[in-house]
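As a plain string of letters, each chain reads:
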Amino acid sequence: QVQLVESGGGLVQPGGSLRLSCEASGFTFRLYAMGWYRQALGKQREPVAHINHRGRPNYADSVKGRFTISRDNAKNTVYLQMNTLKPEDTAVYFCTALIGTNNYWGQGTQVTVSS
C-alpha cells in the first residue's frame, strides 16, 4: 500500500533553514506528482509546493524565493528545502502523492519557527 513518511521537522530560529524529506513506497514514484502542504494550529491545510513527475515545481506565493521542492526518483524521496524561515511558517507539514484521483498523505512533521 502507499506509504509516505516525512522527516526533518523541528525547532528553528527565525531566518534559519530546515530540509524536510518524504520517503515514498507502494507505488511507482517516478510516474506521479508530489507535493507539500502545511496546517497551522486553528487553520486549514494549505498547499506549499508541488513538483510534477518531470520535476517542474510550483510554489505558493508565501514561500516563493525561500522554499525549494525537489525529488530524487532513485531514492523515491521528495524534499522541501526551507530557507529564511519565519514564525508564520510554523505548522505541521504534510507530504502528499496524487495517484489517479486519490490524494495520499503522510503523518506530518512539525516545524516550529521561534526565538
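These notes cover the structure that comes with them. (Residues numbered from 1 in each chain as written. Predicted model: local features only at pLDDT ≥ 70, side-chain atom pairs only at ≥ 80, totals over all residues. Heavy atoms only, no water.)

**Quick word on the overall build of the chain**
So, step 1. Assigned secondary structure in the chain consists of zero helices and 11 strands.
So, step 2. Secondary structure elements of the chain occur, N-terminal to C-terminal, as β-β-β-β-β-β-β-β-β-β-β.
So, step 3. A compact globule built from 115 residues should have a C-alpha radius of gyration of about 13 Å, and the chain, at 13 Å, falls within 12% of that.
So, step 4. In terms of its C-alpha atoms, the chain occupies a principal-axis envelope of roughly 40 × 25 × 20 Å.
So, step 5. A burial count over the chain gives 38% of its 115 residues as buried.
So, step 6. The long-range share in the chain, meaning contacts at least 24 apart out of those at least 6 apart in sequence, stands at 53%.
So, step 7. Approximately 6,400 Å² of the chain is accessible, and the part contributed by carbon and sulfur atoms is 46%.
So, step 8. When the 12 positive and 7 negative side-chain charges of the chain are each reduced to one mean point, those points stand 6 Å apart. (Helix = DSSP H or I, 4+ residues; strand = E, 2+ residues; numbered from the N terminus. Rg over C-alpha atoms; globule rule 2.2 N^0.38 Å. Buried < 20%, exposed > 50% of the residue type's maximum accessible area, 1.4 Å probe, protein only. Contact = heavy atoms within 4.5 Å. Areas by Shrake-Rupley, 256 points an atom, 1.4 Å probe, with all protein chains shown as cover. Lys, Arg positive; Asp, Glu negative; His and termini not counted. Charge placed at Lys NZ, Arg CZ, Asp CG, Glu CD.)

**Some details on the pattern of salt bridges**
So, step 1. On inspection of all chains with the given rule, the structure shows four salt bridges.
So, step 2. With a closest N to O distance of 2.7 Å, Glu46 and Arg38 form a salt bridge.
So, step 3. In this structure Glu46 comes out as partly exposed when scored by relative accessible area, which is 34%.
So, step 4. Classification of Arg38 as buried rests on a relative accessible area of 7%.
So, step 5. Asp89 serves as the salt-bridge partner of Arg38, at 2.9 Å between the closest nitrogen and oxygen. Within this pair, whereas Arg38 is found in strand β4 (residues 34-39), its partner Asp89 is found in the loop between β8 (77-82) and β9 (91-99), the two being separated by 51 residues in sequence.
So, step 6. Classification of Asp89 as buried rests on a relative accessible area of 0%.
So, step 7. Residues participating in the shared-partner salt-bridge network are Arg38, Glu46, Arg66 and Asp89. (Salt bridge = Lys/Arg side-chain N within 4 Å of Asp/Glu carboxyl O.)

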